[in-house]
Amino acid sequence: MSNGGRNGTRNGARILAAVAILCFGGEGAAAQERDSLSDEVRSYLSVSAPVIALENVLLFDGTGDPARPRQTVLIRGNRIEAVGAAGEIDIPPGAERLDLAGHSVMPGMVGLHNHMFYYQSTPRTSQMQYSGPRLYLGAGVTTVRTTGSVSPYQDISLKGAIERGETPGPRILITAPYVISPGPDERLRDLGMYAIRDEEAARRYVRYWAAEGAEWIKAYTQITREALGTIIDEAHLQGMKVTAHLCSVGFLEATAMGIDNLEHGLWANSEYDTTREPDRCSPNYQRSVAELDMDDPRVAETISEMVAAGVGMTSTLAVAEQATPLVPDLAERDLAALPDHVVDAEMERRSIFRTTEMPWMIDLFENMLEFELAFVEAGGVLAAGVDPAWGALPGYGDQRNFEILVEAGFEPAAAVRIVSANGARILGLDDELGTVAAGKLADLVVIEGDIELRPSDIRNVRLVFKDGLGYDPDRLTAAVAGQVGVR
C-alpha cells in the first residue's frame, strides 16, 4: 500500500503551519490574537504578559534527556524564546518573572487517544463539548487527537471555537467517525460507526471526511483486511493518516498494509490467538494475550516489523487499568467532576470487576506493560492517551498514564517524552510542539513538586501554558464540577 501518508506532508502539519503564520507570526500577531479572546477564555487566564520568564524550574524538556535543575524558560508572545540555566538567560526589562523554585516544568501533553465523548458502557456515551476541553487543558493536555468520534460535527465545531478564542481547550486534530465492516456486533452501530460495504464506499468515505477537515481515520475491531487496506491507501492519497483499534486484523497484517499508528498496544493485538478466523474478531483474543509468553519469538517479530515500518503505538494504560480487578478507587477530583448518577454506575461496574473471578486480566495488564517497554527499547515510537471511559477521566487519565509508565519501568524523563514529544512526532507536528526548546510554541505545564522523585506530583498542576498564555487549572476544573457525563 502507499506509504505517502506516513512520509508526505500531512493535513495537520499544514494546518498548524498556517495557523502559526497567519495568527502567530510574531509578537505583534500574537498580541492581536490575544485581543480577540472571549471574556470567558480570559477569565481562566492567570498569566498573559507579552514576555514571561519561568525561573528556577526543574526542566523535563521532552527529549528524554535527564531533568535539568535551576533552569529559566523565556516566553515571548506564543513562542519559547530561550531556555537555559538560571543567570544565563537575558531577561528583558518589563518581563513578568515567576520564581518557580520547587516546581517541575514539562511540555504540554499531546494526547493521542483523547475522545470528546465520555464512555460508560454501550450504548451510554455523552459528548463532552463543555467539560472535556476544560479538563484536558486544566490537567496539562494542550494538544489532542480525537481518535474516533461519535459526534464528528460537534468535534469540528469545538475545534473551530477553540481556534477562534471563543472557548478554552487544547488544540484539536480531528479523526473521522469510526469505520468498520458489516458484521455481527450490533453495539458498534449504536455508537455511530460506519460500515464499509465495498471499495467505492471506502474511498468515498475517506474523501468525504478529508474534505470536511479530518486529519485521521480510525478503523475499529470489526474491519476486514480488504477494507482496511483500501482505507489506508485512499487516506494516504488524501494526505491523511490511519490508526486503528484492531481485533479482526493483526498488528503484523496492518503494518504490512502501511498503517500509521496502532491503538491500545498489546491489548488490541489478536494475532497470537490461534482460534482467530480471518477478518473476524475472536472473543478469546484477550485471553490469549494474557496467556502469552512474552519470550515467544512472535512478540519480537511484531515489534521488529512495526519499528522497521515506522508504525507508532498509542499507550492507553489508564483505561486498561480500569478493566482489571486492581482498578483503583475514584479520587476526590474524579468524584467532583462526575455527577452522582455516573458515580453510582461506575461504582457498580467496579464492584463487578473486583468480585468476578478474572485473575487473567492482571496477567494481560502486566503483559501490556512488558510489551510497551520492549517496543520502546527496540526503537519504537510510543505515545499515550487516556481514552476517557469508566473512571479514566479526560486529562486526569493522561496524568495517570505517566504514573503507570514510570511504575512499569520507564524513567520519568522517558515517560515525559512518551506523553508529549512522541505524540507530536506521530502527528507530524514535532517541529512546533512536544519539547521545550527555543522557537517552539510555548505549550508548558508547571507542576508543584518533583515528578522524578514523586511521579504522582504530576497531579499538582499549577499553571498550563498554551500558545504562551498561562491558564489557571483550578478555575478550569472548578467550572466542570459534576459535568463529565452530562455535557
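The structure presented is a predicted model; accordingly, all values stated were derived computationally and were not measured. (Residues numbered from 1 in each chain as written. Predicted model: local features only at pLDDT ≥ 70, side-chain atom pairs only at ≥ 80, totals over all residues. Heavy atoms only, no water.)

Novice: Explain the layout of surface pockets here, please?
Specialist: Unoccupied space between atoms shows up once a probe the size of one water molecule is rolled over them. By volume, the largest pocket is sized at about 1000 Å³. If you go around the largest pocket, you meet 42 residues; those closest to its centre are Asp185, Arg187, Tyr220, Thr221 and His245. Counting residues per element, the ones that place at least two in the lining of the largest pocket are strand 8 (117-121), helix 7 (187-190) and helix 11 (285-290). Among the elements that take part in the lining of the largest pocket, strand 8 stands out by supplying four residues, more than any other. Within the lining of the largest pocket, the residues separate by chemical class into 18 nonpolar, 16 polar and eight charged. (1 Å grid on protein atoms, 1.4 Å probe; cavity = no way out; pocket = protein on both sides within 12 Å on 5 of 7 lines; lining within 4 Å. Points joined across faces, edges and corners; volume = space filled by probe spheres on them. Helix = DSSP H or I, 4+ residues; strand = E, 2+ residues; numbered from the N terminus. Nonpolar A, V, L, I, M, F, W, Y, C, P; charged D, E, K, R; others polar.)

Novice: Would you mind showing me how to read the state of the cysteines here?
Specialist: Two cysteines whose sulfur atoms are joined by a covalent bond form what is called a disulfide. Under the criterion given, the structure shown has one disulfide. Residue Cys247 pairs covalently with Cys281 via a disulfide, S to S 1.9 Å. Where Cys247 bonds to Cys281 through sulfur, the torsion about that S-S bond is close to 85°, and the disulfide is right-handed. Residue Cys247 is located in the loop between strand 15 (241-244) and helix 10 (251-257), and its partner Cys281 is located in the loop between strand 16 (261-263) and helix 11; the two are separated by 34 residues in the primary sequence. Residue class for Cys281 comes out partly exposed when judged on its relative accessible area of 37%. (Disulfide = S-S within 2.5 Å. Buried < 20%, exposed > 50% of the residue type's maximum accessible area, 1.4 Å probe, protein only.)

Novice: What is the right way to read the pairing of strand 4 (residues 79-85) from this model?
Specialist: A regular strand places its side chains on the two faces of the sheet in alternate fashion. Taken together, the six bridges between strand 3 (residues 68-76) and strand 4 define a ladder with antiparallel strand orientation. Bridge assignment links Arg76 to a residue of strand 4, and that residue is Arg79. Between strand 3 and the antiparallel strand that follows it, strand 4, lie two residues; Gly77 among them carries a positive phi value of about 65°. (Pairing = 2+ DSSP bridges.)

Novice: Would you mind going over the pattern of salt bridges with me for this structure?
Specialist: Close approach of charged atoms lets side chains of opposite charge pair. For the structure shown, the criterion picks out 29 salt bridges. Residue Arg134 is joined to Glu40 by a salt bridge in which the shortest nitrogen-to-oxygen separation is 2.7 Å. In this pair, Arg134 sits in helix 5 (residues 131-138) while Glu40 sits in helix 4 (residues 39-43), placing the two residues 94 residues apart along the sequence. The exposure class of Arg134 is buried, given its relative accessible area of 2%. We classify Glu40 as partly exposed; its relative accessible area is 31%. A salt bridge links Glu253 to Arg276; the shortest N-O distance between them is 3.6 Å. (Salt bridge = Lys/Arg side-chain N within 4 Å of Asp/Glu carboxyl O.)

By themselves these figures say nothing about function.
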